[in-house]
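Listed below, chain by chain, are the residues.
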There are 2 protein chains.
Amino acid sequence: MAPLFSRLKTLLSRDVIISSLTARDVRFPTSACGTGHGSDALHKDPNYSAAYAVLTAASSNSEGGSLYSGHGLTFTIGRGNEVVCAAIKSLEPLVVGRSLVDIFTDFASFWHSLTCETQLRWIGPEKGAIHLAVAAVINALWDLWGKIECKPVWELLSDMSPEEIISLIDWQYLSDAITKDEALAILHKQYPSRRERVEDLKENGYPAYITSAGWMGYSDEVVEERLQSALKSGFTKFKMKVSRDLSVDKHRCELFRSILGPDVPLMMDANQCWDVDEAIAHMTALSMYKPLWIEEPTSPDDILGHAKIGRALRPLGIGIATGEYAHNRVMFKQFLESGAMDYCQIDSCRLGGINENIAVMLLAQKFGVPVCPHAGGCGLCEMTQHLSIFYYICINDKRESQMLEYADHLHEHFVYPSIIKNGCYIVPTDHGYSTKMKDQSLLEYEFPKGIKWT
Amino acid sequence: MAPLFSRLKTLLSRDVIISSLTARDVRFPTSACGTGHGSDALHKDPNYSAAYAVLTAASSNSEGGSLYSGHGLTFTIGRGNEVVCAAIKSLEPLVVGRSLVDIFTDFASFWHSLTCETQLRWIGPEKGAIHLAVAAVINALWDLWGKIECKPVWELLSDMSPEEIISLIDWQYLSDAITKDEALAILHKQYPSRRERVEDLKENGYPAYITSAGWMGYSDEVVEERLQSALKSGFTKFKMKVSRDLSVDKHRCELFRSILGPDVPLMMDANQCWDVDEAIAHMTALSMYKPLWIEEPTSPDDILGHAKIGRALRPLGIGIATGEYAHNRVMFKQFLESGAMDYCQIDSCRLGGINENIAVMLLAQKFGVPVCPHAGGCGLCEMTQHLSIFYYICINDKRESQMLEYADHLHEHFVYPSIIKNGCYIVPTDHGYSTKMKDQSLLEYEFPKGIKWT
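Residues numbered from 1 in each chain as written. Chains lettered and ligands numbered in written order. Predicted model: local features only at pLDDT ≥ 70, side-chain atom pairs only at ≥ 80, totals over all residues. Heavy atoms only, no water.

Engineer: Got a minute to help me understand the overall build of chain A in this structure?
Structural biologist: Assigned secondary structure in chain A consists of 17 helices and 12 strands. Its C-alpha atoms give chain A a radius of gyration of 21 Å, within 12% of the compact-globule value 22 Å for 454 residues. Along the three orthogonal principal directions, the C-alpha set of chain A runs to about 65 × 55 × 45 Å. Out of the 454 residues in chain A, the part that is buried amounts to 66%. Residue pairs in contact within chain A that sit at least 24 positions apart in sequence constitute 76% of those at least 6 positions apart. Just so you have it, chain A exposes about 14500 Å², and 53% of that area is on carbon and sulfur atoms. (Helix = DSSP H or I, 4+ residues; strand = E, 2+ residues; numbered from the N terminus. Rg over C-alpha atoms; globule rule 2.2 N^0.38 Å. Buried < 20%, exposed > 50% of the residue type's maximum accessible area, 1.4 Å probe, protein only. Contact = heavy atoms within 4.5 Å. Areas by Shrake-Rupley, 256 points an atom, 1.4 Å probe, with all protein chains shown as cover.)

Put into structure tokens, the structure is as follows:
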């Protein structure tokens, strides 16, 4: 039994079980009034939302109330959030009644019991609404675990031995690309120097780039104002949206470059709007604006298409970024082994929570691809900061790989919001996964009965 | 305006609209009493189920009742069916109120409006519960259209011009693999001789192979009894399940070959139970039993894994079959262009209904791969017979490509069940898509309140 896990057994008796799982449909009207927040080529009117899972844990032997609670979420953009909530409820019989110690000391088996349940897997497997629901539940469990250990989740993870970290992962379908021994070697390599990087992070934070200056629906004036403001507050890397309309995109590129100058890193995001050959033509025409990457140039399922686009654009200095819609580790495995991905954009709740995200981080490290998580939305910045901090401490010690998205929306609804200073995430210190939402926000924005929706 | 479509405008005025969409959760306790029906390596206890969509159409100008109704379904295996029903309800605002003529004469646009809805697409896109829901609604629309035209759906499709057929398909993300002109050329090539194949089918039916003699959970005695019975009733091709246990599989292979003899076509289905290298080793060990194909050897998302398995097993005479879990045309595009698939197993309701199935059939034809649909389950035989018949008439005239799955479960719940004679599907003549379930079955098996569940 590994050290952290054996200590867990002294903290918790086996009769502490999950006593309830509830799902709440929380939506923010971000598309209201045509503000353009969050808008891109395919998603013109997102209402940033959360399928919000709350777990309680209690002793099965006592009459008392719950001992702990954990809060997790999956991000969606509005309609369909109720379907994810229904999927969370469908997981209830697999979760409620389970011992916390049993879950955490063999987390891979528990994870597999959700993702490979003999009937539920038909409506996935490991994709769509049911996998988003798994993410919400798994994220809530991590929040719970952090609270039990009185640590932020990044610290809980970074205090684990390499063997403990490996035990979190369901290795099914990965063995042709990475073995457990290879993953262990990656973790052991960084083990002795973890402490140095914790100090570095506490001093310097984790570098972010900002997306929320460049939403598609913003006017030139709003873009300029937001870019200037982001520059002033210390951001040094920026992302803009591109579209099917080349002349619109050229105009927007001119605007960005006129404000940022020619050399500031600028990323472009197509949000899946092109066919493969269109993507190559369009980005060739925009290559003069020196984008660092083009993100989601085509269908998020099109591994071979991304590989082809990458072969065409890399000679122009443009990399391929994707992953926010890549639904499981098997998709990432293929993106990575086929050279279709230069920047690996894990999503904290598209993948099945922290456990699967760690699997993908290890895969990416094996293939030499930096992990630059998707964030923004609702709660994604709160979660991904833990993932990126863990990634730097335990998996990839290269400072030049550090890149984490940021968008300045909806943080005010979280009890422990992510904090940015000088364009960097400040290391969170509150216990858990930073996923707890404020009671008042839940009350006001619950759909459809909250006061903001009635 | 193409001929069939212009005639539609004389049949229907534009004010005939979809007036309601309902979703019903219907489940059959096929796993009860440990019968082993439908069981395989990963799905040990399926309760064959349907997320059942009913559409009505009425004139928006009249006070009268509905003029038509259409019945569609998505197959699931039990738990999670309620999530698909919730997803069908989430599509209601996109469907109810739409003019039937507008839908059918620009079906691709309507299909795209469901699959690329700006908020709902987040929980897919084109995968998982939301895409299964799209399939149920689209299938119901085809049933409705068949009833309006007073034709079975295969005939409705086979009476369309190549241009009309092309207009059904959302071409997004396909242009790097097949152009509309290439697809048109495939359809035009078969156009003059369609009538001959209709006559052939009416005389000979469409050849089936049978799966329901070889479920994993059956005892040797049940397997033997079912195989003998299938042989007697005229079946000439058989499928068996394989597993992670080589000795169990060898025993089962011996049993099958002892009854069937060495040369009868025998297919094997692993239902995703292996990693890539395990699949190669396991099937190499079973190659002495001469399987025609190995189906779903690993994760259904693992295109590159299937390609690797195929390269290893083809020299042993074993082909790769997959597709029942392949969630959209972009996945099939890659399976086909990478040579990962020797038999293309479309699913009538994993893909987004008939429209997307036709896209995949045309892709498969371009890449020279025969389409052998997944059937069985609940209602799949009823639907896929229309698809395979259309495929032979309009896309692939090779009789040696004809292969359609059959399992003899649950047909008694359908008003127009598929009928097998001498191991062949008899061409259906009833109007629509054969998807209407009996009122009594709906009443008894609706979950959780039907009498069979209470």
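Engineer: What is the right way to look at the pattern of salt bridges in this model?
Structural biologist: Side-chain pairing between opposite charges can occur once the charged atoms of the two side chains come close. The final tally for this structure, using the stated rule, is 56 salt bridges over all chains. Linking Lys89(A) and Glu92(A) is a salt bridge whose minimum nitrogen-to-oxygen distance equals 3.4 Å. Taken as a pair, Lys89(A) and Glu92(A) lie in helix α2 (residues 81-95) at a separation of three residues, close to a single helical turn. For Lys147(B), the salt bridge goes to Asp143(B), with nearest N and O atoms at 2.7 Å. Of the two residues, Lys147(B) and Asp143(B) are both situated in helix α5 (residues 128-149); the distance of four residues between them amounts to about one turn of the helix. Accessibility expressed as a relative area gives 21% for Lys147(B), which makes it partly exposed. Connected through shared salt-bridge partners, Lys239(A), Lys241(A), Asp269(A), Glu295(A) and Glu405(A) make up one network. (Salt bridge = Lys/Arg side-chain N within 4 Å of Asp/Glu carboxyl O.)

Engineer: It is not clear to me how the environment of Leu442(B) should be interpreted in this structure. Could you clarify?
Structural biologist: All names here are of chain B. Within the secondary structure, leucine 442 is located in helix α17 (residues 439-445). Residue classification places leucine 442 among the buried residues on the basis of a relative accessible area of 5%. On a C-alpha basis, the gap between leucine 442 and histidine 413 in space is 8.4 Å, while along the polypeptide they are 29 residues apart.

Engineer: Help me out: how do you make sense of the interface of chain A and chain B in this one?
Structural biologist: By a widespread convention, an interface's size corresponds to the accessible area lost as its parts come together. Tallying the contact residues gives 64 residues for chain A and 64 residues for chain B. Both faces considered, chain A and chain B share a buried interface measuring about 5200 Å² in area, 54% of it formed by carbon and sulfur atoms. Where chain A packs against chain B, one counts six salt bridges. The residue Asp302(A) makes a salt bridge to Lys333(B) at a minimum N-O spacing of 2.6 Å. Connecting chain A to chain B are 38 residue pairs in polar contact (both at pLDDT 80 or more). Put simply, the parts of the chain that give the side of chain A that touches chain B at least two residues each are β3 (68-76), α2, α5 (128-149), α12 (276-286), α13 (303-313) and α14 (329-337) of chain A. Tallying contributions element by element places α2(A) first for the side of chain A that touches chain B, with six residues. (Buried area = accessible area lost by both parts, 1.4 Å probe. Polar contact = N/O pair within 3.5 Å; in protein donor to acceptor, adjacent residues only side chain to side chain.)

Engineer: What exactly am I supposed to notice about the relation of the copies chain A and chain B here?
Structural biologist: Both copies of the chain are tied together by a single rotation about an axis and a shift running along it. It takes a turn of 180° to lay chain A on chain B, together with a shift of 0.0 Å along the axis; the resulting RMSD is 0.0 Å. Viewed as a symmetry operation, the transformation between the two copies matches a two-fold axis. Among all residues of chain A, the minimum C-alpha distance to the rotation axis is found for Gly128(A), at 2.1 Å. (Least-squares fit on C-alpha atoms with pLDDT ≥ 70 in both.)

Engineer: What exactly am I supposed to notice about the sheet that holds β3(A) here?
Structural biologist: By way of backbone hydrogen bonds, the strands of a sheet pair with one another, either parallel or antiparallel. Residues and elements named next belong to chain A. Ordered by their spatial adjacency, three strands build an open sheet running β1-β2-β3, and the pairing between neighbours is antiparallel. Of all strands in the sheet, those bounded by a partner on one side alone are β1 (16-27) and β3. The average undirected angle you get between the axes of adjacent strands in this sheet is 20°. The sheet contacts of α2 involve β1, β2 (49-59) and β3, and relative to β1 the element is tilted by about 175°. (Pairing = 2+ DSSP bridges. Axes fitted to C-alpha atoms, helices over the stretch in contact; angles between N-to-C directions.)

Engineer: Any chance you could explain the side chain of Ser418(A) here in plain terms?
Structural biologist: All names here are of chain A. Turning to its location among the elements, serine 418 is positioned in the loop between β10 (404-406) and β11 (420-421). Relative accessible area serves as the criterion here: at 6%, serine 418 is assigned to the buried category. Here the side chain of serine 418 touches histidine 411 through a polar contact of 3.4 Å, side chain to side chain. The residues contacting serine 418, other than those within four sequence positions of it, are Cys381, Glu382, Gln385, Tyr406, His411 and Tyr425.

Engineer: Just to check I follow, could you spell out helix α8 (residues 180-190) of chain A for this structure?
Structural biologist: Two residues of an α-helix separated by three or four positions point the same way, owing to the 3.6 residues in each turn. All names here are of chain A. Residues of α8 that are buried include every one of Ala183, Leu184, Ile186, Leu187 and Gln190, and no others. What you see down the axis of α8 is that its buried residues fit within an arc of 155°, all on one side. Within α8, the exposed residues directed more than 90 degrees away from the buried face are Asp181 and Lys189. For α8, the secondary structure elements touched by its buried residues are α7 (162-166), α9 (194-204), α15 (353-366) and α16 (380-395). (Arc of directions from axis to C-beta.)

Engineer: Where do I start with the UniProt feature "domain: Mandelate racemase/muconate lactonizing enzyme C-terminal" (unreviewed entry) in chain A in this structure?
Structural biologist: If you check UniProt for "domain: Mandelate racemase/muconate lactonizing enzyme C-terminal" (unreviewed entry), the listed places come out as residues 220-316 of chain A in our numbering. As a span, residues 220-316 of chain A carries 52% helix and 13% strand, and end to end its C-alpha atoms are 27 Å apart. (UniProt positions renumbered as here; feature names shortened; annotations may be inferred.)

Engineer: What is the right way to look at the pairing of strand β8 (residues 319-322) of chain B in this model?
Structural biologist: Residues and elements named next belong to chain B. Alternating positions in β8 separate into two faces, Gly319 and Ala321 on one and Ile320 and Thr322 on the other, with burial throughout. Of the pairings in the sheet, the one linking strand β7 (residues 293-295) to β8 comprises three bridges and is parallel in character. Note on β8: the bridge partner recorded for glutamate 295 is alanine 321. Since β7 and β8 lie parallel, the crossover through helix α13 (residues 303-313) that links them has a hand, and here it is right-handed. (Right-handed = clockwise from strand over helix to strand, strands pointing away.)

Engineer: Whenever I open this one, the packing of aromatic side chains confuses me. Can you help?
Structural biologist: Two aromatic rings, taken as a pair, are described by how far apart their centres are and by the angle between their planes. Going through the model one piece at a time under the given rule, you end up with 32 aromatic pairs over all chains. Counting every residue linked through ring pairs, the aromatic cluster contains Phe5(A), Phe104(A), Phe107(A), Phe110(A), Trp142(A) and Trp145(A). Lying across the ring of Phe447(A), Arg27(A) places its NZ or CZ 3.8 Å from the centre. Its end group placed over the ring of Trp122(B), Arg350(A) keeps NZ or CZ at 4.7 Å from the ring centre. (Phe/Tyr/Trp six-rings, centres within 6.5 Å; stacked < 30°, edge-to-face > 60°. Lys NZ or Arg CZ within 6 Å of the ring centre and 35° of its normal.)

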